[in-house]
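Residues per chain are reported as follows:
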Amino acid sequence: ALWAGTDRGAARLAGGRCVPLPPPATEMSRPMMITSDATAVWIRDTDRGLFKWQSGALAPAPIKGATMLRVDRAGRQWLASGGAQITVVMPDGARRTETLPIGSPYAMYEDRATGIVWIGGSTGLTRFANDRFASVTRDNGFPPDVLSMVADEEGTIWVAVSAGIVRLEQAEFDKGAAARAHQLRYMLFDASDGAAGVPTRSGGVNAVRGLDGRLWFSTGNGLTIVDPKHLGEPRQPPAVGIVAGAREALRG
């Protein structure tokens, strides 16, 4: 079934019909996140908190203050509920809690080709791969306020931040994660490169990759589409030189 959240509650599309969920779903004002695991559908409303749809009934979930909830392809639940902590709940119920150096986590992306999980926060970016967490932060010169992420066909991660869209090579991420003093080298695209405004965070998914490899981002004045295969030449800063006697020449 296809699920949708609107300003009048949540609904599901099944059998060709759109069926609004019963109360308390009809009392929701901002259902901003919908995800599911093997047994239930989870709906997070910005104003009313987290709800669980199971066996045809909707009820408040026993998880308070959830700022992010996702379920990956392995069936693991990723939950952030304030602060800098994130909890991973395994399919067998085992829990693992980590304190990340990226501020409050509120964005997650799973690269289904590799199984790598990326988590974005207010002050940095975390990668979960091979059962290990690694992060880059402001200390590495990474822009703040990660809003969404998506990987291109080569595995390069593209990150929507409040300043624009960042293209970051995995090898460069590795250097920053290994040494906090390492200043990351990345490409930043903004309105001067043709972006339709700055990225936004208006729901659960704000960046996707199409079947043709192009990347789609939700931005302030519409959709921004990036073709990683045709980026063009990066802009170069203008050459600056100091000419002796220039002041005298200008005076003359």
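Structure first, text after, so check above.
The residue numbers shown here count from 1 along each chain, following its written sequence. Only residues with pLDDT of 70 or above have their local features reported here, since the model is predicted, and side-chain atom pairs are shown and tallied only from 80 upward, although totals for entire chains, interfaces and linings are computed over all residues. Note: side-chain values were computed over all heavy atoms of the structure, leaving out hydrogens and water.

Enquirer: What is the right way to look at the overall build of the protein in this model?
Expert: A run of H or I in DSSP counts as a helix once it spans at least four residues, and a run of E counts as a strand once it spans at least two, with each numbered from the N terminus. In terms of helices and strands, the protein carries two helices and 22 strands. In terms of principal-axis extent, the alpha carbons of the protein reach across some 85 × 35 × 35 Å. Only protein chains enter the accessibility calculation, which uses a 1.4 Å probe. A residue is then buried if its area is under 20% of the maximum for its type, exposed if over 50%, and partly exposed in between. Scored against the burial criterion, the 252 residues of the protein give a buried share of 40%. Long-range pairs, those at least 24 residues apart, make up 37% of the contacts in the protein between residues at least 6 apart in sequence. We call two residues contacting when some pair of their heavy atoms lies within 4.5 Å.

Enquirer: For this particular structure, what's the right way to read helix α1 (residues 170–178)?
Expert: Because each turn of an α-helix spans 3.6 residues, side chains separated by three or four positions end up pointing in the same direction. Listed in full, the buried residues belonging to α1 are E172, F173 and G176. Along α1, the residues classed as buried sweep out an arc of 105° about the axis, all on the same side. Exposed residues lying more than 90 degrees from the buried face of α1 are A171 and A178. Next to the buried residues of α1 lie β13 (117–121), β14 (124–129), β15 (132–137) and β18 (164–168). The arc under discussion is defined with respect to the helix axis, by the directions toward the C-beta atoms.

Enquirer: How do you make sense of the sheet that holds strand β10 (residues 85–89) when you look at a structure like this?
Expert: Strand pairing in a sheet relies on backbone hydrogen bonds. The paired strands run either parallel or antiparallel. Strand order in the open sheet formed by four strands is β8-β9-β10-β11, and the pairing between neighbours is antiparallel. The open sheet terminates on both sides in strands that have one partner only, identified here as β8 (68–71) and β11 (95–99). The average undirected angle you get between the axes of adjacent strands in this sheet is 15°. Think of it this way: DSSP has to see at least two bridges between two strands before they count as a pair. Summarising the sheet, β8 and strand β9 (residues 77–80) pair through four bridges and their orientation is antiparallel. Axes here mean lines fitted to C-alpha atoms, for a helix over just the part in contact, with angles spanning 0 to 180 degrees between N-to-C directions.

Enquirer: How should I be thinking about the sheet that holds strand β21 (residues 215–219) in this particular structure?
Expert: Spatially, three strands are ordered β20-β21-β22 in an open sheet, and the strand pairing comes out antiparallel. Edge positions in the sheet fall to β20 (207–209) and β22 (222–226), since each of these pairs with one other strand and no more. Here the average twist between neighbouring strands, direction ignored, is 20°. Both β21 and β22 contribute to a ladder of five bridges, which runs antiparallel. Across the sheet, residue T219 finds its bridge partner in β22, namely G222.

Enquirer: Mind showing me how you'd approach the environment of I116 here?
Expert: Inspection of the secondary structure assignment puts I116 in the loop between β12 (105–110) and β13. Expressed as a C-alpha distance, the spacing of I116 and P144, which sit 28 residues apart in the sequence, is 21 Å. Filtering out sequence-adjacent residues up to four positions away, I116 remains in contact with Y109, E110, D111, R127, F128, A129 and Q170.

Enquirer: I keep staring at the side chain of T126 and nothing clicks. Help me out?
Expert: Following the sequence through the fold, T126 ends up in strand β14. Classification of T126 by relative accessible area gives buried; the value is 0%. Beyond its immediate sequence surroundings of up to four residues, T126 is in contact with L100, I102, V117, W118, I119, F133, A134, S135 and F173.

Enquirer: Would you mind showing me how to read the pairing of β12 here?
Expert: Along any regular strand, the residues point their side chains to alternate faces of the sheet. Across the six residues that make up β12, a large majority, six, are buried. One ladder, built from five bridges, connects β12 with β13; its direction is antiparallel. If you follow Y109 over to β13, its bridge partner there is W118. Connecting β12 to the antiparallel partner β13 that follows it, the hairpin turn spans six residues, and G115 within it adopts a positive phi of roughly 80°.

Enquirer: Just to check I follow, could you spell out the packing of aromatic side chains for this structure?
Expert: The geometry of an aromatic ring pair is captured by two quantities: the separation of the ring centres and the angle between the planes. Aromatic rings from Phe, Tyr and Trp, with only the six-membered ring used for Trp, were paired whenever their centres fell within 6.5 Å, and each pair was classed as stacked if the ring planes differed by under 30 degrees, edge-to-face if by over 60, and tilted otherwise. Evaluation of the coordinates by the stated rule reveals seven aromatic pairs. Both rings, one in W78 and one in F128, keep their centres 5.2 Å apart while their planes meet at 75°; by these two values the pair is edge-to-face. On the criterion of sequence distance, the pair formed by W78 in strand β9 and F128 in strand β14 is long-range, its members being 50 residues apart. In this pair, the class of W78 matches that of F128, namely buried. Members of the aromatic cluster, connected to one another through ring pairs, are W78, F128 and F133.

Enquirer: It is not clear to me how unusual backbone geometry should be interpreted in this structure. Could you clarify?
Expert: As a rule of thumb, non-glycine residues mostly have phi less than zero, and peptide bonds are mostly trans rather than cis. Looking along the chain, the bond that leaves P23 and enters P24 is cis, with omega of 10°. Mapped onto the elements of the fold, P24 is located in the loop between β3 (17–20) and β4 (31–36). Notably, S55 is not glycine yet its phi reads approximately 55°, a positive angle.

Enquirer: I keep staring at the pattern of salt bridges and nothing clicks. Help me out?
Expert: Any two side chains of opposite charge can pair, so long as their charged atoms come close to each other. Salt bridge, as used here, is a side-chain nitrogen of Lys or Arg placed within 4 Å of a carboxyl oxygen of Asp or Glu. Tallied over the entire structure, the rule returns 10 salt bridges. Note that R76 and D72 form a salt bridge whose closest N and O atoms lie 2.6 Å from each other. For the salt bridge of E169 with R167, the shortest nitrogen-to-oxygen distance reads 3.0 Å. On the basis of relative accessible area, E169 is assigned to the partly exposed category, the value being 36%. A relative accessible area of 19% places R167 in the buried class.

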